[in-house]
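Overview (structure and organization)
Listed below, chain by chain, are the residues.
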Amino acid sequence: MEHLCGSKLPFWEPNLTLYTDLPDLPECFQLSILPWTPCIFLWVTSPFYILYLKRNNRGYIMMSILNRIKTVLGLILWIVCWTDLFSAFHEMNQNHTKPPIFFVTPLIVGMTMLLATFLIQFERLRGVQSSGVLFIFWTISVLCAIVPFRSKIMHTNQENGVKDKLRFTTFYIYFGLTLLELILSCFNEKPPLFSSVVTDPNACPETSAGFLSKMTFWWFTSMAIKGYKSPLENKDLWSLNKHDSSDMVVPNLLNEWEVEKSKAQSKQSMKEQATYTKAGTGAETNHVGSSPEEVEVLLSKRKESQKPSFLWALLRAFGPYFLIGSAFKLLQDLITFINPQLLRLLIDFTKQSDVPSWWGYTLAFLMFGSSLLQTLILHQHFQYCFVTGMRLRSGIIGAIYRKSLVITNEAKRSSTVGEVVNLMSVDAQRFMDLTTFLNMLWSAPLQIILALFFLWQNLGPSVLAGVAVMVLLIPFNAFIAMKTRTYQVEQMKHKDDRIKLMNEVLSGIKVLKLYAWEISFKEKVLQIRQKELNVLRKTAYLSALSTMAWTSAPFLVALTSFAVYVTVDKENVLDAEKAFVSLSLFNILRFPLNMLPQVISGIVQASVSLKRIQDFLSHEELDPESVDRRNNASEYAVTVVNGKFSWAKQEQVTLENINVMVPQGSLLAVVGHVGCGKSSLVSALLGEMEKLEGQISIRGSVAYVPQQAWIQNDTLRDNILFGKPYLEQKYHCVLEACALTPDLEMLPGGDQTEIGEKGINLSGGQRQRVSLARALYSEADVYLLDDPLSAVDAHVAKHIFDKVVGPEGVLKGKTRILVTHGITFLPQVDNILVLVDGRVSEMGSYQDLLKQNGAFAEFLRNYSLEDIIEEDDVTVLVVDDEEEDFPDDALSNHTDMVDNEPVVNEARRKFMRQMSVMSNDPENPKSKSIRHRRCSTKKLAEPLTEKKEQKEDKLIQAETAETGRVKFKVYWEYAKAVGPFLSLFICFLYGCQSAASIGANFWLSEWTNDAQHNRTQENVQMRVGVYAALGITQGILVMFSSFTLALGKIRAARKLHQTLLDNKFHTPQSFFDTTPIGRIINRFSKDIYVIDEVLSSTMLMFLGTFFASLSTMIVIICSTPIFALVVGPLALIYFFVQVR
């Protein structure tokens, strides 16, 4: 620096800077390093920042007063800096030679001010409301200008005047303008034009918050205040950020997953090609007698092994955003090791008596500043991790939900409802929990390496003894991680079985209660739960061993390092500096050593979940191209040529030799005996079966009316509209055609009546007619009607056929395929298709088929007697008044449990059919509902009368959650589930563990005092022995407390699940009628998972933190009693905030 500043201006003077009561920096340092530091920062970051702005255009911001002021101030700063430059040239012309530093620094600073002004305008053009880069630049500029600010005032007072008035004036102008730029950079610009921020009335303030607000989370203050005043509700929350919404997250993940699938398929096709080539060339020479079947088996095995990687899809979808949080974590880890070095200097300062007092204040301020900066950066890291976890969970749930709608029937058998529920609740949650501390996977080794490096500088090679302890613990924890993974797989299997069984129980809860089967099914659930708890117990014991090992690890490292240090050489003295600086480094080691096993355990659990999710997402999907839906110019609306279908590729053929051609606008009836494949044919037309051979084409849109009506939990009107706009005239015509007008008279709220889950408050016939009305309102081109008339009475069926399906109905001119058992309407259809054992036996008009005297004639003979009986009984409408309230299909919902299963026992199927016939038996007077009598006494075509909307309670109430602080009763209930005495014993063990830790710290303090009294060698054995005994005692207590907590966790998990199960089996049927099954399933899946695994870990962390804080305060109060005066008020304030 001598070439720049000259010999008269030294760069560094220790006597001027360090060893004086009025410290100051040399003029050369003030003219070079201080002004160059912010300039170097801006020039280094600008290329990356400009590239970022080019790729992320948020819009265009109009020129505002704030922007004009900042731009003008930037130009003035450039002028001020170059005024010094021109002044130096002027002085050189006057033969007053100045060192080169007077030319270089104004030139650099002036060019930097021009760059800052350019960035101000470029940010405006790219829609940046607040700049973090410029805020940091102005902050560094102001901080670096404070020293010259003070120095010039000091020199002016000492010299009684100002030597260089121009530079004195320009500097203070520069300082004032820089400070003003810093203040202005704290304010935000207006939102950019055409941005979503302007259109959203309830936008999250985070999107428009400034850099300082984001770093300190000031934008969240209003929500925190609102939550402090009253419990928050959904309406109080801001709109979700666009990038966090499922509209953005789920498609992004699915796109990356499709990329992975295409990569896997391309690799697989290359391998298949190579295998075929090898089999073709070497089959005759090397593989005599090998058959094509063997090659096919080989290929199928290869195919199974080549699966797309869901992990890479997750990394590409969410990795870049997560890496920003990783960068914050890296910065925080590096800052963490500043405090131990400052502590070393502070201990040195206390040993010296002749040093200036400002040293101590500066060190204390630096320690506070580094801790503050560390806190700000750490919480930014957590913010990125939490948002990534939330996006991860949303994306996974969306992908699983989408996949569950398109998987094949074969895949549905292997992936049960219980598994899908667990995938979306438990497995997705594990990924969210893991992302919070996933960075510890690389951060923990980094912190351990840096801590050992500084410990080596402090204790020398003795620290290798501590390294050996950590190395010995690695295989122990690796074994635990492997066993934990095995147990996790087993536990998830039992959990899937339990949730599957609970789903079946809840779906058929009415039948269970009618037949009093609660006890037997409860025993089945508890048997699976016991297997699950057995595995959970083993996992808990392994976790307790791991906790003991890694909790004791920092102490064992410190013990071995100190013991080796004082015993290998008599000259080694364990004084306060070495002991407490080493302890601070050991404390830094404690967190990564404690977190690393938990992260490894979380990764093990997430890997199990990853494989489960990957396997589920890799299931085969229904081929959307199996049905040709292009609107080709053809006279046939539905065409099936040489169709061959099955429910699974490996199963026997269900339908074969299917040749159907349905003309545009015609009515085709599909008839046949039970089980001949009528519903399968409809499913094949919908593309829900595996098409083995042939072609299917459907012209136009399709509406489907299933045999079992699907009703959603919504109003009756919304069930019919199904998202379509409400057109009053069209809506009333649909109601009249589907014979729903009389039913609206009975419903308490008319068409605004809320329908329960699965249509629980509608009869079977009403549900079927609502389903038919939905299809009719959709105005599709092709209608697939799977026996919709079987659930209604004969006279209502006739009305529906005449008004809707028949040749004079609303759907005339539309293509209709009607599956039916009723022979009454067959003469009115255009064509009849007869199915026998999955084949088309006959097809033609009614008269043609009668003449053939084939399968259709036999069908007529079988069903004619039943229809005659039904027609005769329609006229008998005598019902007692006292029997009006008995529903016509009180047992109709018992079929849900059977219909949801793809394969059922034939005997159960017959039983359910018999029950259905009994419930609708015309001879049984109880089967006549109010609807039957209303339909017989009132004209069906009567116009809909407007009803006054009646206020009524919702059938299914919204799910609520407790707000405010958790009541003591909740803690007490969990403590009772664990066991009151066991809970107290766990707290006692944790207290003893903390007492042993306090004792070890006090003993170490006494040990370091030996150095002051020259008693280091005579007490070494005793000091090391007692210190080791206290540490080992602490480790044993940790192990016992972890095992005890594991026992309590298992006991609480068993008791709380059994209580919940007992409660649900004893709950009245009305509860299940008004509560969605999904809500109850969540209690048995997600909430039980929290009790099983999350709650115990939270209790472990709470007890550890509580007793660690308590022991720290005890140690501080013992060494500095006046600290007790501060603890009391702080505890009261903290308690008041928590209670409110």
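For the structure itself, consult the block above.
1. A closer look at the packing of helix 4 (residues 33–55) against helix 6 (residues 101–125)
- Across the interface, helix 4 lies against helix 6 with an axial gap of 10 Å and an inter-helix angle of 30 degrees. What the angle tells us is that helix 4 and helix 6 run roughly parallel. As helix 4 runs across helix 6, the sense of the crossing is left-handed.
- Looking at the contact of helix 4 with helix 6 residue by residue, the classes come out as 18 nonpolar, three polar and two charged.

2. A few points about empty space enclosed by the protein
- Counted according to the given criterion, the structure contains seven cavities of 30 Å³ or more.
- In this structure, the second largest cavity spans a volume of roughly 120 Å³.
- What lines the second largest cavity is a set of 14 residues, and nearest its centre among them are Lys 70, Ile 120, Glu 123, Ser 131 and Leu 134.
- At the level of secondary structure, the elements contributing two or more residues to the lining of the second largest cavity comprise helix 5 (65–93), helix 6 and helix 7 (132–159).
- Here the lining of the second largest cavity gets three residues from one element, more than from any other, and that element is helix 6.
- The class makeup of the residues in the lining of the second largest cavity is five nonpolar, five polar and four charged.

3. Description of the pairing of strand 5 (residues 702–705)
- Covered by surrounding structure in strand 5 are Ala 703 and Val 705 only, the residues Val 702 and Tyr 704 on the alternate face being uncovered.
- Bridge count for strand 5 against strand 6 (residues 782–786) is four bridges, and the pairing is parallel. Residue pairing for strand 6: Tyr 704 is matched across the bridge by Leu 784.

4. Focus on the nonpolar core
- Residues Ile 720, Leu 826, Ile 832 and Phe 856 are the most contacted members of the largest nonpolar core, which totals 51 residues.
- Setting aside residues no more than four positions away along its own chain, Phe 856 makes contact with Val 671, Leu 826, Ile 832, Val 834, Glu 842, Tyr 846, Leu 849 and Leu 850.

5. Describing the sheet that holds strand 1 (residues 636–646)
- Reading across the sheet, the three strands line up as 2-1-4 and stay open at both edges, with antiparallel pairing between neighbours. Two strands close off the open sheet at either side, each with one partner strand: strand 2 (655–663) and strand 4 (690–698). Ignoring strand direction, the axes of neighbouring strands in this sheet form an average angle of 5 degrees.
- Of the strand pairs in this sheet, strand 1 and strand 4 are connected by seven bridges, and their pairing is antiparallel. Among the inter-strand pairings, Thr 639 is bridged to a residue of strand 4, identified as Ser 697.
- Along the sheet, helix 24 (residues 678–686) contacts strand 1, strand 2 and strand 4; its crossing angle with strand 2, the most-contacted strand, is approximately 70 degrees.

6. What to know about the packing of aromatic side chains
- By the definition in use, this model includes 34 aromatic pairs.
- Aromatic side chains Phe 801 and Phe 825 sit 4.6 Å apart centroid to centroid with 20 degrees between the ring planes, which places their arrangement in the stacked category. Linking Phe 801 in helix 29 (residues 794–805) with Phe 825 in the loop between strand 7 (815–819) and strand 8 (831–836), this pair joins segments that are 24 residues apart in sequence.
- Of the residues examined, Phe 801 reaches a relative accessible area of 0% and is grouped as buried.
- Taking NZ or CZ as reference, Lys 152 lies 5.4 Å from the ring centre of Phe 171, over its face.
- Note that Arg 774 overlies the ring of Phe 722, its terminal NZ or CZ placed 5.2 Å from the centroid.

Rules used throughout
Residues numbered from 1 in each chain as written. Predicted model: local features only at pLDDT ≥ 70, side-chain atom pairs only at ≥ 80, totals over all residues. Heavy atoms only, no water. Axes fitted to C-alpha atoms, helices over the stretch in contact; angles between N-to-C directions. Helix = DSSP H or I, 4+ residues; strand = E, 2+ residues; numbered from the N terminus. Parallel < 35°, antiparallel > 145°, perpendicular 65-115°, else oblique. Left-handed = near helix turned anticlockwise from the far one by under 90°. Nonpolar A, V, L, I, M, F, W, Y, C, P; charged D, E, K, R; others polar. 1 Å grid on protein atoms, 1.4 Å probe; cavity = no way out; pocket = protein on both sides within 12 Å on 5 of 7 lines; lining within 4 Å. Points joined across faces, edges and corners; volume = space filled by probe spheres on them. Buried < 20%, exposed > 50% of the residue type's maximum accessible area, 1.4 Å probe, protein only. Pairing = 2+ DSSP bridges. Core = buried A, V, L, I, M, F, W, Y, C linked by side-chain atoms within 4.5 Å. Contact = heavy atoms within 4.5 Å. Phe/Tyr/Trp six-rings, centres within 6.5 Å; stacked < 30°, edge-to-face > 60°. Lys NZ or Arg CZ within 6 Å of the ring centre and 35° of its normal.

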